[in-house]
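Reading the structure
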Amino acid sequence: MARFHPQPPSRDARPSGHGASSQPEDGAESVTGSSGDTGDHRTRDDDPAVAFGKKLQELVSSKGLTLGQAAQRGRQRGLQITKQQLSRWQRGENIPEWPPVQQLLSVVLLPNGKLDKDAERRWYDLWHAAREYRQSNRRRPQTPGTRARTSSATRAGTPPAASHRPRTGAWPPAYWATVRDIRRRTPQLKGRDEELSVLTDGTGGYTWVVGEPYAGKTALLAAVATDLREAGNTDVVCYFMSHREANADGERLLSAVVPQLAALLDEPPPVADSINLQALWERACDRAESTGRTLLLIVDGLDEERPYPGRRLPAYGLLPSRVSGRVAVLLSTRPGFDMSELPLGHPIQDHRRIGLPTLEEPRRAAVLARREMDTLLDSADDEAVDILALLAAAGGPIGSDDLLQIQQTPAEPHRRRRLRRILRGDLAHSLERVGPPDAVRYQFRHLSLLEHAQKHPDLGALEVRQRIHAWARGWSETRWDPARTPAYLLDTYPATMMEEPGLLYELTQDVNWLVTALPVAGVDTVIAFLRRVDGAGLTDADRSAHEALVGALSGQASQLRGAGPQQRLFVARQLMFRALEDSAGRLAGKLHTYLSDGPGPHLYPFRTTRHREPALLARSGRLDRVRTMAALPDGRVVAGLGERLVVWNPAEPSAATELSRHTTHVAAVDVLPDGRVAAIEWDGRGIWVHDLAEPGGKPVELGRAAGTPLPHKLGPDAATALARLRELRNAITVHWMAALSDGCIVTDAGGSDGRLVRWDPHRPGADPIEVGRHDAPVRALAALPDGRLATVTGEKKLSQVGEKDESRVWVWDSGMRPGPPMEIGRHWAAVTAVAALADGRVVTGHRTGHILLWDSTAPSSGPVEIGTHPDSVSAIAVLDDGRLLTAGEWGGWLLAWNPDEPVSRRSWAGSPAECRP
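Residues numbered from 1 in each chain as written. Predicted model: local features only at pLDDT ≥ 70, side-chain atom pairs only at ≥ 80, totals over all residues. Heavy atoms only, no water.

Moving on to the overall build of the protein. Summing up its helical and strand segments, the protein has 26 helices and 31 strands in all. For the protein, the residues scored as buried account for 51% of the 917 residues in total. Restricting to contacts in the protein with at least 6 residues of sequence separation, those with at least 24 account for 61%. Counting only carbon and sulfur atoms, one obtains 50% of the accessible surface of the protein, whose full area is about 42,400 Å². (Helix = DSSP H or I, 4+ residues; strand = E, 2+ residues; numbered from the N terminus. Buried < 20%, exposed > 50% of the residue type's maximum accessible area, 1.4 Å probe, protein only. Contact = heavy atoms within 4.5 Å. Areas by Shrake-Rupley, 256 points an atom, 1.4 Å probe, with all protein chains shown as cover.)

This next bit is on the packing of aromatic side chains. Here the structure, examined in full by the defined rule, presents 4 aromatic pairs. On the numbers, 5.9 Å between centres and 80° between planes, the contact of Tyr316 with Phe337 is edge-to-face. Placement of Tyr316 in the loop between β3 (294–300) and β4 (327–333) and of Phe337 in the loop between β4 and β5 (352–356) is noted, with a sequence separation of 21 residues between them. A residue is classified by how much of its surface remains accessible, and Tyr316, at 11% relative accessible area, is buried. (Phe/Tyr/Trp six-rings, centres within 6.5 Å; stacked < 30°, edge-to-face > 60°.)

Here we come to the pairing of strand β31 (residues 893–897). Burial runs high along β31: 5 of the 5 residues are buried. Every second residue of β31 is oriented toward a common face, with Trp893, Leu895 and Trp897 on one face and Leu894 and Ala896 on the other, all of them buried. Sheet topology places strand β8 (residues 616–622) next to β31; 5 bridges connect them, and they run antiparallel. Residue pairing for β31: Ala618 is matched across the bridge by Ala896. Of the strand pairs in this sheet, strand β30 (residues 884–888) and β31 are connected by 4 bridges, and their pairing is antiparallel. Of the residues in β31, the one forming a bridge with Leu885 is Ala896. (Pairing = 2+ DSSP bridges.)

What follows concerns the nonpolar core. Within the largest apolar cluster, 82 residues are counted, with the highest numbers of intra-cluster contacts made by Leu391, Phe444, Leu518, Leu553 and Leu575. In this structure, Leu221, Phe240, Val257 and Leu295 belong to the second largest nonpolar core, which totals 61 residues. (Core = buried A, V, L, I, M, F, W, Y, C linked by side-chain atoms within 4.5 Å.)

Turning to the sheet that holds strand β17 (residues 737–739), a few remarks are in order. Reading across from one edge, β17-β18-β19-β20 is the order of the 4 strands in this open sheet, with antiparallel pairing throughout. The sheet is open, and its two borders are formed by β17 and β20 (769–773), each paired with just one other strand. Taking the axes of each pair of neighbouring strands and ignoring which way they run, one obtains an average angle of 25° across the sheet. Summarising the sheet, strand β18 (residues 745–748) and strand β19 (residues 755–759) pair through 4 bridges and their orientation is antiparallel. When the sheet's bridge partners are listed, Asp748 is paired in β19 with Leu756. (Axes fitted to C-alpha atoms, helices over the stretch in contact; angles between N-to-C directions.)

This brings us to the pattern of salt bridges. When their charged atoms lie close together, side chains carrying opposite charge are able to pair. This model, assessed by the stated rule, comprises 38 salt bridges. The residue Glu643 makes a salt bridge to Arg625 at a minimum N-O spacing of 3.5 Å. Here Arg625 lies in the loop between β8 and β9 (626–631) and Glu643 lies in the loop between β10 (637–641) and β11 (644–649), a separation of 18 residues in the sequence. Look at the salt bridges and you will find they share partners, linking Glu282, Asp286, Glu289 and Arg322 into a network. (Salt bridge = Lys/Arg side-chain N within 4 Å of Asp/Glu carboxyl O.)

On to a positive patch on the surface, then. A surface patch of like charges, here positive, comprises Arg417, Arg420, Arg421, Arg424 and Arg433. Considering every element that reaches the positive patch, the biggest residue donor is helix α15 (residues 413–426), with 4 residues. The residue Arg417 is located in helix α15 in this model. Taking the relative accessible area as the measure of exposure, Arg417 reaches 42% and is therefore partly exposed. (Patch = residues over 30% accessible without salt bridge, like charges linked within 9 Å, V, L, I, M, F, W, Y side chains within 5 Å. Lys, Arg positive; Asp, Glu negative; His and termini not counted. Charge placed at Lys NZ, Arg CZ, Asp CG, Glu CD.)

Turning next to the confidence of the model for the protein. Chain-level pLDDT for the protein is 77 on average; 79% of the residues reach the 70-or-more range. Looking at the elements of the protein, mean pLDDT is at its lowest for helix α6 (residues 146–155), recorded as 34, and at its highest for β3, recorded as 94. A low-confidence stretch, residues 1–45 stays under pLDDT 50, and its non-local contacts, those more than four residues away or across chains, total 91 contacts. A low-confidence stretch, residues 904–917 stays under pLDDT 50, and its non-local contacts, those more than four residues away or across chains, total 40 contacts. (pLDDT = per-residue confidence, 0-100.)

Now for the packing of helix α1 (residues 48–62) against helix α3 (residues 83–91). Following both chains from N to C, one finds α1 and α3 inclined at 125°, their axes separated by 6 Å at the closest point. Our classification of the angle between α1 and α3 gives oblique. Residue-level inspection shows Val50, Phe52, Gly53, Lys54, Leu56, Gln57 and Val60 of α1 in contact with α3, the latter providing Trp89, Gln90 and Arg91. Looking at side-chain class alone, the contact of α1 with α3 contains 5 nonpolar, 3 polar and 2 charged residues. (Parallel < 35°, antiparallel > 145°, perpendicular 65-115°, else oblique. Nonpolar A, V, L, I, M, F, W, Y, C, P; charged D, E, K, R; others polar.)

Once that is clear, we can look at the sheet that holds β4. Spatially, β2-β3-β4-β1-β5 is the arrangement adopted by the 5 strands of the open sheet, whose pairing is parallel. Pairing within the sheet leaves two strands with one partner each, and these edge strands are β2 (234–240) and β5. Averaged over neighbouring strand pairs, the angle between their axes works out to 15° when direction is ignored. The sheet contact formed by strand β1 (residues 205–211) and β5 spans 5 bridges and is parallel. Bridging across to β5, Gly211 finds its partner in Leu356.

Now for helix α24 (residues 568–581). Here α24 is 14 residues long and its end C-alpha atoms lie 20 Å apart, about the 20 Å a rise of 1.5 Å per residue gives. Of all the residues in α24, the buried ones are Val571, Ala572, Gln574, Leu575, Met576, Arg578, Ala579, Leu580 and Glu581. Tucked into the core, α24 has its buried residues touching α20 (511–521), α22 (540–555), α23 (557–560) and α25 (585–596). (Expected span 1.5 Å × (residues − 1).)

Let us now look at the environment of Arg479. With respect to the element layout, Arg479 can be found in the loop between α17 (461–477) and α18 (488–491). Distance in space between the C-alpha atoms of Arg479 and Asp510 is 8.8 Å, their sequence separation being 31 residues. Residues in contact with Arg479, not counting those within four places in the same chain, are Asn512, Tyr594 and Asp597.

Every buried residue of α3 is listed here: Leu86, Ser87, Trp89 and Gln90. Looking straight down α3, one finds its buried side chains confined to an arc of 160°; they lie on one side. Backbone geometry just after α3 places Gly92 at a positive phi near 75°. (Arc of directions from axis to C-beta.)

Take the environment of Ser741 next. Looking at the secondary structure, you find Ser741 in the loop between β17 and β18. Taking C-alpha positions, Ser741 is 8.8 Å from Arg788, a pair spaced 47 residues apart along the chain. Aside from chain neighbours lying at most four places away, what touches Ser741 is Pro673, Pro785 and Gly787.

Not every positive phi belongs to a glycine, and Ala246 is a case in point at roughly 60°. Even without glycine at this site, Gln408 takes up a positive phi of about 55°. Structurally, Gln408 can be placed in the loop between α14 (400–406) and α15. Gln408 gets classed as exposed once you look at its relative accessible area, which sits at 72%.

Along the chain, Gln509 falls in the loop between α19 (501–508) and α20. Sequence-distant contacts of Gln509, that is, excluding residues within four places in its chain, are made with Ala545, His546, Leu549 and Lys590.

Before going further, it helps to examine the packing of helix α12 (residues 360–378) against helix α16 (residues 447–455). At their nearest, the axes of α12 and α16 sit 10 Å apart, and the two run at 25° to each other. Between α12 and α16, the angle falls in the class roughly parallel. Viewed along their axes, α12 and α16 form a crossing whose handedness is right-handed. Between α12 and α16, the contacting residues are Ala366, Ala369, Arg370, Met373 and Asp374 on the first element and Ser448, Leu449, His452 and Ala453 on the second. A per-class count over the contact of α12 with α16 returns 5 nonpolar, 2 polar and 2 charged. (Left-handed = near helix turned anticlockwise from the far one by under 90°.)

Next up, the structure:
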């Protein structure tokens, strides 16, 4: 499915070059007040706001409604709108925010109250162009002579002085407040003019800044980010990792960078994951190349990330591989940081290295700070030592009142004064104050100081950590009162629990904490916290609850961004709606309890008739590493799990029994008409047939794709040797297979030549026979019940937005008679699995998670979408009762689907004509 990325509107319909007239064309109406510049040449037909109004007027008229009737219908459905407001919208005089427009379309004007995704994208593009034009071209006060100067400049071919800078996005990234705060801490850079000049010279590719502690890496990169952003000719996306601020990990990097890229592209931020990061980066690179602007990604402090249980990907593993002359990546680490795990050929291996020498003044300050801590630790002031221990164990910014509460000390005036003297006096060189004046918190000035404190044997980090946990449990007993709960417990405390994912699971499953923390920490940050729970060793029930929570937050992320502390009930309602849609009863029950105990009379969800996946019947369970599977005649399922070939009942996948074990993992499996199972090993050389009547018995080797070993001599001359080598190479790797109704097996022939060969199970060891050939590599095979064969081919092709995987679905005639196959459709997504239904329809599973259904008798009809698997589809099996069973590549979920209840009866790539603006 296409991503949601609205395009920027044109700032001027005509060029302002030589010969441009300052008067509108004959018969064209000038747009009054459309621009503050009276030399503006735009006519009314060029005004995006007027275009939006016209389309809205056409849609209202097509419904046979007057403005009054449309407004009344909207008020009946909860939309507060008047006839006068609609009239101004239609005339293009006033463009509202997007939510009321979206609600007007969905509940008043479109059929059955449905606004599908394709229609929503088009209407959003139209609305956004109008909104941006109105906000960018409001009438500005003019001084005498403005018109004359502008007109003369236009006639001379000189563009207006006011530069048309790109939009900052309808969703401005909140992370830039953090960047500006980092820059304020170091308003002046001393001795770094040369390095600053080098880093802002516009050079593309990777630049790696390396320096010892106190070399000023963070200050330098913050200066680069703010200076280039203010200059206006560079699009800067950045993240500053800081272990002392408890935000140094890949999940937090995603939660900061993905919204910045979305804002750059004027898109609503998607879920912050590596897939969306890659997609947004590709579109940002395309934008940079098409507009001639520079795109710069800055990541500071990569070395500050610490491994933790369940970490899926280190932060440096998220670094993009696409860089060019206008696309650059700027990194900083300490010396000796190892990124050797990146794949060979990654552009970082050709980086430009800049070494930063340590400055004397910061070095002296560090020595003084460590001496200050050592002096404090050697003193007899136990209270001061205890404060230092709490700061080290907290691992992030924490308030003075929080420290008093952990110490269980009454917050009396003399106690506050005493604590203030310790924080601002005894530890003045070691700590810094962060946050707004009314909510000051304290943290170590540098990572080396935090590490120095945490390594000291007298601070008892484990014991102090338990005191912080006990303090947090005390707040949980108050149901995380939003008016009094310390901010540390909502936005920092979860990030410090890297080594304790079990405790983090308990914290995040508390809906009272969740609803209180979301408005404070932000939904993307909370999702980043949740992703650390994967290594907690959860039971199946607990893991299901965890995944339901992640799914609810991800599904409602766009609605929850920007929610304030006073909108806790709104947050809980949105999450409960999603939980009901996903049939997550355990989570919905917790949210129902929270809402029913809420203050005052209010509405809350009871049930919903909307389901995210109408065809999804059940979650059959989890089995990791399922790469291929097929249904047996007795209703069981056989699958390859790594090197093992296993069989299980679809209702109890956890009770799978091993049929056999191979030397390499099983790449493909299918069931012969006589009930035997055929399997291909991953190296593509062995095709084996298993008899289920003899579990654990030795399988029969049907044949080997590479029939002969590589000889010492390939031929008398170079040309013959090269041809022989290519032939052998193409015969080495076979990865796909299908068992036909006549008992034969069809496989690909390996390589990229698209050949199909047939094997006879009754003649083990016999050479296969070529039965067909494609002009592209074969990606998947499936046998239809009537003897035909469905194949999928795929290859890289250039599209309007870059290189993509084009998948084509074919059907070969029964018996594989000579002649070309019939193409039944194509799709811009890599196919990873295919299966055939009893009625001849073909099901394809894609790397994007989409499950599509193709009609082999109607090639021009296009596919319909059955649903979307949570991750890439690795295998599909058609059960004996007609259901589809899909396996995921990463999550391990086995999902059962009803193929007769797709998401939409329309073509998957189509859209209702009435919704088209």
